[in-house]
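# Analysis of the macromolecular model
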Amino acid sequence: MTRHTWGHLPLAGDQLDAGSPDFVRDPYPVLASLRAKGPVLWHEPMGVWLATTHDAVSQVLRNRAFGRLWTDWEPAAQMEPFNALHRNQMMENEPPTHTRLRRLVAAAFGRGHVERMRPRIEQLAASMVDELGKSFDVLGDYAEPMPVFVIADLLGVPREDHVKLRDWSQAIVHMYEPNVGALTKKAAIDASTAFSDYVRDVVEQRRSSPGDDLITDLIEARDDGTRLSDDELVASVVLLLNAGHEASVNVFGNGFHALLEHPEQLARITGGEVPVEIALEELIRFDAPLQLFERTATADVEVSGQLVRAGEKVACLMGSANRDAAVFEDADVFDVGRDPNPHVGFGMGVHFCLGAPLARAELQISIRTLLDRFPELRLAGESPRRPTWVLRGYESINVEVAS
Ligand code: HEM
């Protein structure tokens, strides 16, 4: 097939090998060499264009000629529980379906839920910090349960269910990595089935006894006379649970780890020079927890001088955009005082993260509460990385209180 490369050479397969342990450990040198080659490059092994720069990523995410076009996984009959959760939610749809779904969910969200959650998150963070000893895993013991508790409270489901909610969610999101195997698929189907049944039961309960939670508001949300269908309601709740915790855990982990590796930056926050609100944006930018979002061209379209043909896919390399020296001075330097900080961490365009205000509130509170209690935390040993690149994070981060 002819590629319209206009000066960009096709890449050799080893230059972005998402499965390579070296790349997973530190993707940034490879991403920098890709940016140096050009803003939009053809990647033969994945069969997609790579948008490498902040400008190219922004163009793709904002241009309505690019869409998130969902195609059901095959074999469709077996994959149906997984497919249905994706086909029926806003993130995998484009206008007009996206507009309708997003407006309905945003309307429910907009009923003061985030504001109401603030004091609850503060209480939750304080009580969780009380349980921490002199050395602990700041991910497993603190950052990981927190967002599931928050989203569970928001939706009005029991906090005790957080382990199974997290397990289902992780089984589903493993499907977003390249090269998915049979076991991953089977786990995702089982998790989708169990998760959907769970949410359907909660929806039934709320129909008979409404509460002041988001699920009740989602049931009641109307838009020009239409409501969310049952399948859309289930898919939206699962989306909120998945989106609401996977990224938050990894922002905390990647960002906090960077902070512990740069004690002089940590001291700028604990010493009061840099407010947590400003620092958080650098924690989101520096080591992106969501490294890749894909779009498909619905028409021939030019991006940064490169023609992308209708039907071709573009992978937006978010971690690369966030290290682009054309936008960020000393882009590879971790600077908690960086302001302005126009990172692409929450995306752009119509799919811009619906949960960004909640995520920001939750992360600001959890970081502030932890640092208020333990201003002198330090790393205790190596922190193992998760073996995945697209959803980038740590397995655990052991820390100790400096005495
Ligand atoms: C720091 C944590 C978070 C990060 C970094 C993050 C990032 C993102 C990004 C990059 C997108 C855009 C995806 C795309 O363009 O294809 C997105 C979409 C979305 N996020 Fe988040 N997110 C976070 C937390 C949350 C939370 C807490 C919630 C909800 C409770 C949430 C709900 C959503 C939803 C519903 C969408 C889909 C929006 C749409 O398709 O219109 N996110 N998020």
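Above this text you will find the structure in question.
So, here is what we can say about the structure in this document. All residue numbers refer to position in the chain's written sequence, counted from 1. Local features in a predicted model are, by the rule used here, given only for residues with pLDDT of at least 70; side-chain atom pairs are given and counted only at 80 or more, and totals for whole chains, interfaces and linings are based on all residues.

### Some remarks on the overall build of the protein
Each helix corresponds to a stretch of at least 4 residues labelled H or I by DSSP, and each strand to a stretch of at least 2 residues labelled E; elements are numbered beginning at the N terminus. Assigned secondary structure in the protein consists of 16 helices and 12 strands. Computation of the radius of gyration draws on C-alpha atoms, with the globule rule given as 2.2 Å multiplied by the number of residues to the power 0.38. Its C-alpha atoms give the protein a radius of gyration of 21 Å, near enough to 22 Å, the size a compact globule of 403 residues would have. With respect to the principal axes defined by its C-alpha atoms, the protein has extents near 60 × 55 × 40 Å. The buried share of the protein, reckoned over its 403 residues, is 41%. The long-range fraction of contacts in the protein, counting pairs at least 24 apart against all pairs at least 6 apart in sequence, stands at 70%. Buried residues are those with 20 or more other C-beta atoms within 10 Å of their own C-beta, exposed residues have 12 or fewer, and partly exposed residues lie in between; C-beta atoms are placed from the backbone. Any two residues are considered in contact once their C-beta atoms, placed from the backbone, lie within 7 Å.

### Focus on the site of the ligand
In this text, near has one meaning. A residue is near a molecule or strand if its C-beta atom, placed using the backbone, is within 6 Å of it. Close contacts around the ligand come from 26 residues, with Gly244, Ala247, Gly347, Cys353 and Gly355 the closest. For the shell around the ligand, the secondary structure elements donating two or more residues are helix H12 (230-261) and helix H16 (356-373). If you tally residues by element for the shell around the ligand, the top one is H12, at seven residues. Each residue gets one label: Ala, Val, Leu, Ile, Met, Phe, Trp, Tyr, Cys and Pro are nonpolar, Asp, Glu, Lys and Arg are charged, and the others, such as Gly, are polar. In the shell around the ligand, the residues fall into 18 nonpolar, six polar and two charged.

### What about helix H10 (residues 182-208)?
By this rule the span expected of a helix is its residue count minus one, scaled by 1.5 Å. Over its 27 residues, H10 runs 40 Å from end to end, which matches the ideal 39 Å to within 8%, given 1.5 Å per residue. Along H10, the residues classified as buried are Ala188, Ile189, Ala191, Ser192, Phe195, Ser196, Val199 and Arg206. Check the buried side of H10 and you find it contacts helix H4 (76-87), helix H9 (162-173), helix H11 (214-220) and H12.

### A few points about the environment of Glu92
Relative to the helices and strands, Glu92 resides in the loop between H4 and helix H5 (97-109). Filtering out sequence-adjacent residues up to four positions away, Glu92 remains in contact with Arg68, Trp70, His86 and Arg87.

### Concerning the sheet that holds strand E4 (residues 135-137)
Strand order in the open sheet made by the three strands is E4-E12-E11, with antiparallel pairing throughout. Each edge of the open sheet is held by one strand with a lone partner, namely E4 and strand E11 (377-379). Strand-to-strand twist of the sheet, defined as the mean angle between neighbouring strand axes without regard to direction, takes the value 30°. Pairing between strands is defined by DSSP: at least two bridges between them are needed. Between the N-to-C directions of two axes lies an angle of 0 to 180 degrees, each axis being a line fitted to C-alpha atoms and, for a helix, fitted only over the stretch in contact.

### Some words on the nonpolar core
By definition, a nonpolar core groups buried Ala, Val, Leu, Ile, Met, Phe, Trp, Tyr and Cys residues that are joined through C-beta atoms within 7 Å. Ranked by internal contacts, the top residues of the largest apolar core, which has 103 residues, are Ala51, Val57, Val237, Cys316, Leu317 and Met318. If near-sequence neighbours (up to four positions away) are discounted, Met318 is found in contact with Val57, Ala288, Leu290, Gln291, Leu292, Phe293 and Val344.

### Topic: the packing of H12 against H16
Interaxial distance between H12 and H16 falls to 11 Å at its minimum, and their mutual angle equals 35°. The two elements H12 and H16 cross, and the hand of that crossing is right-handed. Where H12 approaches H16, its residues Ser248, Val251 and Phe252 are matched on the opposing element by Ala359, Glu362, Leu363 and Ser366. Crossings are assigned a handedness: left-handed for a near helix turned anticlockwise from the far helix by less than a right angle, right-handed for a clockwise turn.

### Section: the pairing of strand E10 (residues 313-317)
Burial analysis of E10 places four of its five residues in the buried class, the great majority of the element. Both strand E2 (residues 48-51) and E10 contribute to a ladder of three bridges, which runs parallel. Within E10, the residue paired with Ala51 across the bridge is Cys316. In this sheet, E10 lies alongside strand E7 (residues 292-297) in antiparallel orientation, the contact comprising five bridges. Counterpart to Phe293 in the pairing with E10 is Cys316.

### With respect to the pairing of E7
As defined by bridge partners, strand E3 (residues 66-67) adjoins E7 across two bridges and the pair is classed as antiparallel. Residue pairing for E7: Phe66 is matched across the bridge by Ala297.

### Overview of the packing of helix H6 (residues 113-130) against H16
Close contact between H6 and H16 brings their axes to 9 Å; oriented N to C, the two are set at 30°. What the angle tells us is that H6 and H16 run roughly parallel. You can see that H6 and H16 cross each other, and the crossing is right-handed. Packed against H6, whose contacting residues are Val114, Met117, Arg118, Ile121, Glu122, Ala125, Ala126 and Val129, the element H16 presents Pro357, Leu358, Ala361, Glu362, Ile365, Ser366, Thr369, Leu370 and Arg373 at the interface. Classifying every residue of the contact of H6 with H16 gives 11 nonpolar, two polar and four charged. Throughout, the term roughly parallel applies to angles under 35 degrees, roughly antiparallel to angles over 145, roughly perpendicular to angles from 65 to 115, and oblique to all others.

### Examining the sheet that holds E10
As summarised here, the arrangement of the five strands in space is E1-E2-E10-E7-E3, forming an open sheet in which the pairing is mixed. Each edge of the sheet is formed by a strand with only one pairing partner; in this case those strands are strand E1 (40-43) and E3. On the sheet, helix H3 (residues 54-62) packs against E1, E2, E3, E7 and E10 and is oriented at approximately 130° with respect to E10.

### Quick look at the environment of Pro178
With respect to the helices and strands, the residue Pro178 is situated in the loop between H9 and H10. For Pro178, a count of 14 C-beta atoms within 10 Å gives the class partly exposed. Sequence separation of Pro178 and Leu154 is 24 residues, and the distance between their C-alpha atoms is 32 Å.

### Here's the deal with the environment of Ala36
Here Ala36 is to be found in helix H2 (residues 28-37). Considering only alpha carbons, one finds Ala36 and Val251, 215 residues apart in sequence, at a separation of 26 Å.

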